[in-house]
Amino acid sequence: MTVSELYSHVAQLGFEESLESDSRFYFALERALFQVNTLRPAIKVIEINHNPISNMLGTNFKAQNKINDLYYSTERGVAYYFEADGEGIAYIEMYDDVQKKWRMIDQINWKSELGFVSKKGFIKSDGEFFNSPVRLRFTGQYVYSVKNVAIYGELRSSQEEKIPPYSRFITYDMGDLVSDFIEFANPPISSEDNKTLSTDYFVESNQKICLSNTLAGIFKISYKSKPNLPTFAENVQEDKTVIDLDDELCSLLPNLVASYVWADDEPQKAEYYLSLYRERAAIIELKKTDVTPVLVINKNGW
């Protein structure tokens, strides 16, 4: 159904060829689209490439509570990340093979009284990456804590702010990925070969999906989507924009839009058309079925 076809249907329900206000019609259409869409939102799928950068220090999530020095070293590294609580200093050091000793190349001070703060940056000497052993040396006069310490041997960007955090789960915010997100479908996530994940993820704040750092691969996220809203046309009777709902849901629009259009001027007529909409909507609600096949796989492969 196009916008112009819907306009004609609504006008005919008022026994007219046209409506008094095109803008009122468009506003009513917007409200009706969102309401009708709640009956059966379209399910869309996006793919995310979930491939966490390896930590050269190995799996290292546990918090360490310490006074004095704490060391993390590896054979090479181009960037670091850690989270720290309390008060202390982290030294970035490289091994000088000529002098046979560790040499400081950077220093990070932190002081936190409200919990862990995150620190990250490139590991460079004289502005250049190098291929020598590196280490993080933490120290402090008082008890401090560090966790999620990472030294990365590779990067995906030349921008320091894009050095990824290191944590058990990596968060994907649907608000950043798509513009038409309503909520996650059920099930929300599957692998590239359509095997539904049953573990190693969780949903946060109804909009973020958090995937385990131990997973890797392309994953599909399924979500319920908002309909596209038509833009106001100069001549609504020539607006050939196709309404972003399936045919069955579009059949509900004339009665609902009519109820909105005449809500102020002719409340009895509006209530009548609203009751017709509700009757038809109730039938569609009763017909709801989920025909999506579900294949569950866990870590053991079944």
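Residues numbered from 1 in each chain as written. Predicted model: local features only at pLDDT ≥ 70, side-chain atom pairs only at ≥ 80, totals over all residues. Heavy atoms only, no water.

Remarks on the overall build of the protein
Helix and strand counts for the protein stand at six helices and 14 strands. Seen along its three principal axes, the alpha-carbon backbone of the protein occupies a region of about 95 × 45 × 35 Å. The buried share among the 302 residues of the protein stands at 43%. In the protein, once contacts between residues fewer than 6 apart in sequence are set aside, the share between residues at least 24 apart is 76%. (Helix = DSSP H or I, 4+ residues; strand = E, 2+ residues; numbered from the N terminus. Buried < 20%, exposed > 50% of the residue type's maximum accessible area, 1.4 Å probe, protein only. Contact = heavy atoms within 4.5 Å.)

Quick word on the nonpolar core
Counting 33 residues, the largest nonpolar core has Val10, Phe25, Leu253 and Val257 as its most contacted members. Of all the secondary-structure elements, those providing two or more residues to this core are helix 1 (3–13), helix 2 (22–37), helix 4 (247–250), helix 5 (253–261) and helix 6 (267–286). Among the elements that line this core, the one with the most residues is helix 2, at seven residues. Not counting residues up to four positions away in its chain, the partners in contact with Val10 are Leu19, Phe25, Pro254, Val257, Ala258, Val261 and Trp262. (Core = buried A, V, L, I, M, F, W, Y, C linked by side-chain atoms within 4.5 Å.)

A word on the confidence of the model for the protein
Taken over all residues, the pLDDT of the protein has a mean of 91, while the share at 70 or more is 95%. Long-range and interchain partners of residues 294–302, a stretch whose pLDDT sits below 50, account for 14 contacts in this model, where long-range means more than four residues apart. (pLDDT = per-residue confidence, 0-100.)

Some details on the environment of Asp126
By the secondary structure assignment, Asp126 is in the loop between strand 5 (101–122) and strand 6 (134–139). The exposed category is assigned to Asp126, whose relative accessible area is 79%. As a C-alpha pair, Asp126 and Lys226 span 100 residues in sequence and 51 Å in three-dimensional space.

Considerations on the pattern of salt bridges
Counted under the stated rule, the structure contains 16 salt bridges. For Asp69, the salt bridge goes to Arg137, with nearest N and O atoms at 3.8 Å. Here the residue Asp69 occupies a position in the loop between strand 2 (64–66) and strand 3 (70–74), and Arg137 occupies one in strand 6, the gap between them amounting to 68 residues. What you see here is one network of salt bridges that share partners, running through Arg40, Asp246, Glu248, Arg280 and Lys287. (Salt bridge = Lys/Arg side-chain N within 4 Å of Asp/Glu carboxyl O.)

Let's talk about the environment of Phe25
Relative to the assigned elements, Phe25 resides in helix 2. Phe25 gets classed as buried once you look at its relative accessible area, which sits at 0%. Taking the C-alpha atoms as reference points, Phe25 and Ala90, separated by 65 residues in sequence, lie 63 Å from one another. Residues in contact with Phe25, not counting those within four places in the same chain, are Val3, Leu6, Tyr7, Val10, Leu19, Val236, Val257 and Val261.

Some remarks on the packing of helix 5 against helix 6
Two numbers describe how helix 5 lies on helix 6: the axes approach to 8 Å, and their chain directions differ by 150 degrees. In terms of orientation, helix 5 lies roughly antiparallel with respect to helix 6. Relative to helix 6, helix 5 is oriented so that their crossing is left-handed. Residues Asn255, Leu256, Ala258 and Ser259 of helix 5 lie in contact with helix 6, whose contacting residues are Ala270, Tyr273, Leu274, Leu276 and Tyr277. (Axes fitted to C-alpha atoms, helices over the stretch in contact; angles between N-to-C directions. Parallel < 35°, antiparallel > 145°, perpendicular 65-115°, else oblique. Left-handed = near helix turned anticlockwise from the far one by under 90°.)

Brief notes about the environment of Ser158
Tracing the backbone shows Ser158 in the loop between strand 7 (144–152) and strand 8 (169–173). Along the backbone, Ser158 and Lys220 are 62 residues apart, and their C-alpha atoms lie at a distance of 28 Å.

Describing the layout of surface pockets
Each pocket or cavity is described by its volume, and for the second largest pocket that value is around 300 Å³. Surrounding the second largest pocket, 18 residues form its lining, Asn51, Ile53, Arg156, Lys162 and Pro164 being those nearest its centre. Where the lining of the second largest pocket is concerned, the elements lending two or more residues are strand 1 (43–50) and strand 8. Of the residues in the lining of the second largest pocket, the class split is ten nonpolar, six polar and two charged. (1 Å grid on protein atoms, 1.4 Å probe; cavity = no way out; pocket = protein on both sides within 12 Å on 5 of 7 lines; lining within 4 Å. Points joined across faces, edges and corners; volume = space filled by probe spheres on them. Nonpolar A, V, L, I, M, F, W, Y, C, P; charged D, E, K, R; others polar.)

Description of the pairing of strand 12 (residues 208–212)
On any regular strand, side chains alternate: one points to one face of the sheet, the next to the other face. Burial within strand 12 is extensive, with four of its five residues counted as buried. Sheet topology places strand 8 next to strand 12; five bridges connect them, and they run antiparallel. Paired with Thr171 across the bridge in strand 12 is Cys210. In this sheet, strand 12 lies alongside strand 11 (residues 201–204) in antiparallel orientation, the contact comprising four bridges. Bridge assignment links Phe202 to a residue of strand 12, and that residue is Cys210. (Pairing = 2+ DSSP bridges.)

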